[in-house]
Amino acid sequence: MTNARQLENNLQRSLGSGYVVVAQPDHPLLLVGPDILIGGEGHTTAVFLAGPTARPKMLRAKLIASRLALPTNTRTVLVGSDQVVDHPDSRGNFDEILGGRAPERFLERYIRGDAVTKVDGVQLLEIKRRQQKIFSKAFLEAKMRQYVDLDSGVSKELIRVLKESALGIGEQPLSIGNRYSPRKHGVYFQGSWVLSLSARKENARNLKHLWASNLAEDFVLDTGIPFSSLNSLSVMLADGWPRYPGDPQKLLRAYAFSGYVLSAASSVDEVKKLIEHIQRPIRRSSYERS
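What comes next concerns the included structure. Fair warning: this is a prediction, and the values are worked out from it, not measured in the lab.

Concerning the overall build of the protein chain
Reasoning step 1: Along the backbone of the protein chain there are 9 helices and 11 strands.
Reasoning step 2: Taken over 290 residues, the protein chain has a buried fraction of 52%.
Reasoning step 3: Considering only contacts within the protein chain whose residues lie at least 6 apart along the sequence, 72% involve residues at least 24 apart.

Brief notes about the nonpolar core
Reasoning step 1: Ranked by size, the top nonpolar core spans 68 residues in total, and within it Leu-78, Val-194, Leu-197, Trp-211, Met-236, Tyr-255 and Leu-262 carry the most contacts.
Reasoning step 2: The element contributing the most residues to this core is helix H2 (residues 56-69), with 7 residues.
Reasoning step 3: Ala-23, Ile-38, Leu-49 and Val-79 belong to the second-largest nonpolar core, a separate cluster that totals 17 residues.

Topic: helix H5 (residues 121-146)
Every α-helical turn comprises 3.6 residues, leaving residues that sit three or four positions apart pointing alike.
Reasoning step 1: Look at H5: 37 Å from first C-alpha to last across 26 residues, which is about the 38 Å you get at 1.5 Å a residue.
Reasoning step 2: Turning to H5, the residues buried within the fold contact H2, strand S8 (219-222), strand S9 (225-228), helix H8 (250-257), strand S11 (260-264) and helix H9 (268-277).
Reasoning step 3: For H5, the N-terminal cap is Asp-120; the gap from its side-chain oxygen to the backbone nitrogen of Val-122 is 3.1 Å.

Comments concerning the packing of H5 against H8
Reasoning step 1: Contact geometry for H5 and H8: axes closest at 7 Å, N-to-C directions at 140°. What the angle tells us is that H5 and H8 run oblique. In terms of crossing hand, the pair formed by H5 and H8 is right-handed. Between H5, through Gln-131, Ile-134, Phe-135, Ala-138, Phe-139, Ala-142, Lys-143 and Gln-146, and H8, the contact on the second element is made entirely by Leu-252, Arg-253, Ala-256 and Phe-257.

Comments concerning the sheet that holds strand S6 (residues 187-189)
Reasoning step 1: What the 4 strands build is an open sheet, ordered S6-S7-S10-S11; its pairing is mixed. Edge positions in the open sheet fall to S6 and S11, since each of these has one partner strand only. Put simply, the sheet's adjacent strands are angled 30° from each other on average, direction ignored.
Reasoning step 2: Packing against the sheet, H8 makes contact with strand S7 (192-197), strand S10 (234-238) and S11, and its axis sits at approximately 140° to S11.

Details of the environment of Arg-67
Reasoning step 1: Within the fold, Arg-67 resides in helix H2.
Reasoning step 2: Relative accessible area serves as the criterion here: at 3%, Arg-67 is assigned to the buried category.
Reasoning step 3: Sequence spacing of Arg-67 and Pro-226 is 159 residues, and the spatial spacing of their C-alpha atoms is 7.3 Å.
Reasoning step 4: If near-sequence neighbours (up to four positions away) are discounted, Arg-67 is found in contact with Thr-74, Thr-76, Asn-93, Asp-95, Thr-117, Val-119, Leu-124, Lys-128, Gly-224 and Pro-226.

A few points about the pairing of S9
Reasoning step 1: Covered by surrounding structure in S9 are Ile-225 and Phe-227 together with Pro-226 and Ser-228, the residues of both alternating faces.
Reasoning step 2: Sheet topology note: the S8/S9 ladder contains 4 bridges and is antiparallel. Looking at the pairing, Asp-222 lines up with Ile-225 of S9.
Reasoning step 3: The turn joining S8 and S9, which pair antiparallel and follow one another in sequence, is formed by 2 residues; a positive phi near 50° is taken by Thr-223.

Some points on the sheet that holds strand S4 (residues 75-80)
Reasoning step 1: Pairing in this open sheet of 5 strands is mixed, and the strands run S1-S2-S3-S4-S5 from one edge to the other. Looking at strand neighbours, the two that pair on one side only are strand S1 (20-23) and strand S5 (96-99), the edges of this open sheet. Here the average twist between neighbouring strands, direction ignored, is 20°.
Reasoning step 2: Taken strand by strand, helix H1 (residues 4-15) contacts S1, strand S2 (36-40) and strand S3 (43-50), and its axis lies near 175° from that of S1.
Reasoning step 3: In the packing of helix H4 (residues 104-112) onto the sheet, contacts are made with S2, S3, S4 and S5, and the angle to S4 comes to roughly 175°.

A word on the pairing of S1
Reasoning step 1: Of the two faces of S1, only the one carrying Val-21 and Ala-23 is buried; Val-20 and Val-22 on the other face are not.
Reasoning step 2: Two elements, S1 and S2, share 4 bridges in a ladder whose sense is antiparallel. Along S2, the bridge assignment pairs Ala-23 with Ile-36.

The rules behind the values
Residues numbered from 1 in each chain as written. Predicted model: local features only at pLDDT ≥ 70, side-chain atom pairs only at ≥ 80, totals over all residues. Heavy atoms only, no water. Helix = DSSP H or I, 4+ residues; strand = E, 2+ residues; numbered from the N terminus. Buried < 20%, exposed > 50% of the residue type's maximum accessible area, 1.4 Å probe, protein only. Contact = heavy atoms within 4.5 Å. Core = buried A, V, L, I, M, F, W, Y, C linked by side-chain atoms within 4.5 Å. Expected span 1.5 Å × (residues − 1). Polar contact = N/O pair within 3.5 Å; in protein donor to acceptor, adjacent residues only side chain to side chain. Axes fitted to C-alpha atoms, helices over the stretch in contact; angles between N-to-C directions. Parallel < 35°, antiparallel > 145°, perpendicular 65-115°, else oblique. Left-handed = near helix turned anticlockwise from the far one by under 90°. Pairing = 2+ DSSP bridges.

As structure tokens, then:
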């Protein structure tokens, strides 16, 4: 299957100077997104590449992130293997789906054409506005905690204590069906998820995977529109403040955009205060499900 860089070069040559083609675009609010982004002649097109070994969960997260962060009228195209194309997550959620063999000719025709995205723009725009409010609230909270002198703690130990505390006040742990879910090692405490970003995960690849996994579990795609299952913000505890290569604030922004307050692990009391502080429900749009 054609890789992103090769396809970028081929498309740029065939489309000409009237278009800009970028492979692996870096969005300030996202850790994963489309494999290729094309702009020109009044259209923006996001292309997602998925070979036979692609994970449906990661592909779903990339589409959710793109729908929330890119312009509402962005067209989405999946170029995938037969296994990916036939997956339930693919059908009905992308604007166009192409097989994995020699996609350049079909892509060029689609990009030059007048096709528009199939999603309900009004509905998506309202959801995007709500997500912007989530980002603003979570990012402000995370930024404030950067400047607070917190006692150093170990995230996994704090989560263990919170689990005991939750059982002690009669909270029943939520069932997590997927054994690979990061929530297996977290706790749902008084209306918020509290997860751990341990020191061993502090490399770019694992940070992206954890972020994408959470996004895929917190949203449901329906005809290409991501609907949130969150009623309030959640917490991502880190053993110290992790850094993202080349952009120190990237993780704070990305996790805030996905609905998580990134915070250094401190004491149990501090975590409980944080949860209490972020518990004010985020108003749902008229389109979203309760």
